[in-house]
Amino acid sequence: MFNKRVKIKDLLASEARNQEVVVMGWVRTFRNNQFIALNDGSTNNNVQIVVGLGLYDDSFLKRITTSASLKVTGEVVESLGKGQKIEVKAKSIEILGDSDAEKFPLQPKKHSLEFLREIAHLRFRTNTFGAVFRIRHSLAFAVHRFFNEKGFFYLHTPIITASDAEGAGEMFKVSTLPFDNTPRNEDGSINFKEDFFGRATNLTVSGQLEGELAATALSEIYTFGPTFRAENSNTARHLAEFWMIEPEMAFYDIEDNMNLAEEFIKYIIKYAMDNNKEDLEFLAQRMEDEEKQKPQTERSEMGLVEKLEFVINNNFERITYTEAIDILVNSNHYKKKKFQYDVKWGIDLQSEHERFLVEKHFKKPVIVTGYPKEIKAFYMRQNDDGKTVAAMDILAPGIGEIVGGSQREERLEKLESRMREMHIPIEEMWWYLDTRRFGTVPHAGFGLGFERMVQFVTGMTNIRDVIAFPRTPKNAEF
Ligand code: ATP
Ligand code: MN
């Protein structure tokens, strides 16, 4: 058996002294031919390996380069040096894999995030990405824990779908038809009857519609899976492939929905704060250093950890869309014509408007409800005013929209008439409408973009830096 090592995280936390241990990892630095900082990814902290002077010849020591992988057997002892409680006095060092120092692209210095994106296969070996991916893991685990504790069932909705009526975004087509000599109908259109599924199919943009089918039987479900949008938006908060969490609940109205979303967000943040303290502190420091580069007026008032504490300890602000428009129109920002896009009732809030509301006006997360029906999806429940729907978006500082949700229209007639107005093919959606025909109930749900949540918790400004292998327009390397 090879794996008899102790993880560095456990070793650093243990009280054991003067015992033999085996550690394995990658070299971060090697100082004075004597001190190796070894990291195995279990924590951002390295363990110091002390190489006895004269124990190894020069040609061996030269092979201990940045990112070489080692197996070290040695004794755990109190450390006399600063910065660590213990160190490992090496008895034997085995080089598992050499790393050519001339060619290895990461140096023990700060690299730009843009550069690291080009070597995404190696960026896991940096402190920043180690911290980000450990936190991402914790958040994912917390998602399941939260819903499991509440008695929700984890539903796996299909990745390949035939419904194109969701209207959530541009879709990627799924097909096995040849690109040349594509089978055609008489009118020249593509004959999808000859395609793999005998019809046109796409990668899913949301599992909601299928989620509703399950929720109207199991009561409370959630999905947590990959979602695909072929939107050509090259922003710091859009990916072509991202992970979404979509709970869907029977017997919930819009207010129940808001309460759940707020509790959920606070829960997973708290989980990361309790379980990833060191990584969060590391990222907080990183953010602070970065902020120092910015002009005073653009610096955020709170540090990362402070911000997260603030979010879990305070209620989210709840306002209607109409109130949001009023706030925007009456702001000095608007009067001084500082918004790029005009503001009036009926517009889709642009990210500059969302950011003004959360960052300048309320300085906390904001839940906006009651959007004009024209800018929202067909399935959202129509309010009595005839103008708005029971939609809710949650806006977060630094991110903008992090959650989009609604109470769903459970009244068959109202739903069908809205579908007709919006030219949604009613016949094709027979299966969806059946839930309104057979025991319809008030129900609601929302979608939380997982990467945006990870961005919020880690303070990373670009969404490409919180997913291992980002998929964005013109980029699918690795
Ligand atoms: P946006 O206006 O920011 O494009 P949206 O209105 O298209 O968002 P929804 O369709 O409501 O978003 O999707 C639910 C959630 O999924 C959003 O609140 C957001 O957190 C996340 N999300 C949406 N599109 C993307 C994307 N391209 N990349 C990453 N996350 C996304
Ligand atoms: Mn979008």
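What this report covers is the structure whose coordinates are included nearby. Here the residue numbering is sequential within each chain, running from 1 through the sequence in written order. Chain A is the first chain written and ligand 1 is the first ligand written, with later ones labelled in order. Local features in a predicted model are, by the rule used here, given only for residues with pLDDT of at least 70; side-chain atom pairs are given and counted only at 80 or more, and totals for whole chains, interfaces and linings are based on all residues. No hydrogens and no water enter the side-chain calculation; it runs on all heavy atoms of the structure.

**So, a nonpolar patch on the surface**
Right, so step 1: Nonpolar side chains (Val, Leu, Ile, Met, Phe, Trp, Tyr) are joined into patches within 5 Å and like charges within 9 Å, using only residues with over 30% relative accessible area and no salt bridge. Accessible surface is estimated by sampling points in the Shrake-Rupley manner with a 1.4 Å probe; for residues, cover comes only from the protein chains shown. We define a salt bridge as a side-chain nitrogen of Lys or Arg found within 4 Å of a carboxyl oxygen belonging to Asp or Glu. Together, I159, I160, F196 and F197 line one region of the surface with nonpolar side chains, adding up to about 380 Å² of accessible area.
Right, so step 2: You can see F196 is positioned in the loop between β8 (173-174) and β9 (201-203).
Right, so step 3: On the basis of relative accessible area, F196 is assigned to the exposed category, the value being 59%. We count a stretch as a helix when DSSP gives it H or I for four or more residues in a row; a strand needs E for two or more, and each element gets its number in order from the N terminus. Classification of residues uses two cut-offs on accessible area relative to the type maximum, computed with a 1.4 Å probe and protein chains only: under 20% is buried, over 50% is exposed, and between them is partly exposed.

**Focus: the sheet that holds β9**
Right, so step 1: For two strands to count as paired, DSSP must find a minimum of two bridges between them. Pairing is antiparallel across the open sheet formed by 3 strands, whose spatial order is β7-β9-β8. Both edges of this open sheet fall to β7 (160-161) and β8, since each of them pairs with a single strand only.

**What to know about unusual backbone geometry**
Right, so step 1: At H423, a position not held by glycine, the phi torsion is positive, near 55°.
Right, so step 2: You can see H423 is positioned in the loop between α12 (412-421) and α13 (430-437).
Right, so step 3: Accessibility expressed as a relative area gives 72% for H423, which makes it exposed.
Right, so step 4: Positive phi, close to 70°, is recorded for F478, a residue that is not glycine.
Right, so step 5: Position of F478 among the secondary structure elements: in the segment after α14 (450-458).
Right, so step 6: Classification of F478 by relative accessible area gives partly exposed; the value is 38%.

**Here's the deal with the packing of aromatic side chains**
Right, so step 1: By convention, a stacked pair of Phe, Tyr or Trp rings (six-membered ring in the case of Trp) has centres within 6.5 Å and planes under 30 degrees apart, an edge-to-face pair has planes over 60 apart, and any other such pair is tilted. Per the stated rule, a full pass over the model turns up 23 aromatic pairs.
Right, so step 2: For the pair Y321 and W345, a centre-to-centre distance of 5.5 Å together with 85° between the ring planes defines the contact as edge-to-face. Taken together, the residues span a long stretch of sequence, with Y321 in helix α9 (residues 321-329) and W345 in the loop between α10 (332-335) and α11 (351-362) at a distance of 24 residues.
Right, so step 3: The class for Y321 is buried, based on a relative accessible area of 0%.
Right, so step 4: These aromatic residues form a ring-pair network of at least three members: F146, F147, F152, Y154, Y222, F264, Y267 and F446.
Right, so step 5: We note K376 situated over the ring of Y371; from NZ or CZ to the ring centre the distance is 4.3 Å.
Right, so step 6: A positively charged side chain is recorded as over a ring if its NZ (Lys) or CZ (Arg) lies within 6 Å of the ring centre. The angle to the ring normal must also be within 35 degrees. The positively charged end of R436 is found above the aromatic ring belonging to Y432, 4.4 Å away from the centroid.

**A word on the sheet that holds strand β4 (residues 69-78)**
Right, so step 1: Taken in spatial order, the 5 strands line up as β1-β2-β3-β5-β4 and close into a barrel, and their pairing is mixed. The mean inter-strand angle of the sheet, taken between neighbouring strand axes irrespective of direction, is 55°.
Right, so step 2: Judged from the 10 bridges that link them, β4 and strand β5 (residues 86-97) form a sheet pairing that is antiparallel. Paired with T73 across the two strands is S92, which belongs to β5. Axis definition: a line fitted to C-alpha atoms, over the contacting stretch in the case of helices. Angles run 0 to 180 degrees between N-to-C directions.

**Focus: the pattern of salt bridges**
Right, so step 1: Enumeration over the complete set of coordinates arrives at 29 salt bridges.
Right, so step 2: Put simply, E212 and R436 hold a salt bridge, and the shortest N to O gap is 2.8 Å. Of the two residues, E212 is situated in helix α5 (residues 208-218) and R436 in helix α13; the sequence distance between them amounts to 224 residues.
Right, so step 3: R437 serves as the salt-bridge partner of D434, at 2.9 Å between the closest nitrogen and oxygen. Of the two residues, D434 and R437 are both situated in helix α13; the distance of 3 residues between them amounts to about one turn of the helix.
Right, so step 4: Residues participating in the shared-partner salt-bridge network are R117, R123 and D465.

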